[in-house]
Structure formats: C-alpha cells, structure tokens
Amino acid sequence: MNNIEKINFESKDELYSYMNMMLEGLISEEPDWLANLSNASSLLWMLMEDINWAGFYLYKNDELVLGPFHGKPACTHIQMGKGVCGTAAEQKKNAACKKCSRISGTHCMRFPI
C-alpha cells in the first residue's frame, strides 16, 4: 500500500472532475507523451481508492508493452487476445478484472487507448 493519504470525495463525479482538473494542469503545457503518461499514472495512483496498480500499456509490434505505471510489478509484454488486458485491447472494449477483486478486495479496470 502506498503512503499517500487519499482525498475523500462525496461522489465519483466529484472525484473524476477533480482528477480531470488536476490532469489538465499536469499535461496541458507538456508536449512529451511519456512525461504525460507518467504524471497521469501517478495522479490515478494518488487519488483512486482500493487500487494496487495504475498505468498504461502501449500497443507496439502487435502486442501490449508495459508503459509508465505505479504499483506492483506487471507483465512486460501481453499478446493481443490474452488475459484481461490483451482481450480488452483486441476487442477495443473496457474490462473489469474480477480475479483481482476476489484476490485482494481491489478492482482493476482496463481501458484500451
């Protein structure tokens, strides 16, 4: 678990509004995509409750390659159609990992970019 104190919000809408405002401030004047993904993963890690990983996989050479993240170590390469991330990316759909919530009580979501 990280040592950053989480901010409590009245609703998910309030949290998402705050995250959007903070992210806009972090990336609006920075042209470097790697720096922006790094700050985005840090912001998600800092603000989201009950997560053990926040980050990005990048589509390269017909597979997903680990990008900037915060949290537990992760798979470096994921084949398209394999596992939750590879399936979500192949189908271009969001996916919730039910296995993670059963194991740790946390949730992970996969959003293809």
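Note that this is a predicted model, so its numbers are computed, not measured.

Student: Go over the overall build of the protein chain with me, naming the residues and quoting the values.
Tutor: Of regular secondary structure, the protein chain possesses four helices and five strands. Each helix and strand of the protein chain, placed in order from N terminus to C terminus, yields the pattern α-α-β-β-β-α-β-α-β. A burial count over the protein chain gives 27% of its 113 residues as buried. Partitioning the contacts of the protein chain with sequence separation of at least 6, the portion at a separation of at least 24 is 30%. Carbon and sulfur atoms provide 53% of the accessible area of the protein chain, an area that totals close to 8,000 Å².

Student: Tell me about the sheet that holds strand S3 (residues 77-79), and please be specific about residues and values.
Tutor: If you walk across this open sheet you meet the three strands as S1-S2-S3, and the pairing is antiparallel. The sheet is open, and its two borders are formed by strand S1 (53-60) and S3, each paired with just one other strand. Strand-to-strand twist across the sheet, computed as the mean angle between neighbouring axes with direction ignored, equals 35 degrees.

Student: Can you lay out the confidence of the model for the protein chain for me, pointing to particular residues and giving the numbers?
Tutor: Per-residue confidence for the protein chain gives a mean pLDDT of 82, with 78% of residues at or over 70. Mean pLDDT in the protein chain bottoms out at helix H4 (residues 98-104), which sits at 49, and peaks at S3, which reaches 94. pLDDT under 50 marks residues 101-107. Its contacts with residues more than four places away, or in other chains, come to 10 contacts.

What counts and what doesn't
Residues numbered from 1 in each chain as written. Predicted model: local features only at pLDDT ≥ 70, side-chain atom pairs only at ≥ 80, totals over all residues. Heavy atoms only, no water. Helix = DSSP H or I, 4+ residues; strand = E, 2+ residues; numbered from the N terminus. Buried < 20%, exposed > 50% of the residue type's maximum accessible area, 1.4 Å probe, protein only. Contact = heavy atoms within 4.5 Å. Areas by Shrake-Rupley, 256 points an atom, 1.4 Å probe, with all protein chains shown as cover. Pairing = 2+ DSSP bridges. Axes fitted to C-alpha atoms, helices over the stretch in contact; angles between N-to-C directions. pLDDT = per-residue confidence, 0-100.

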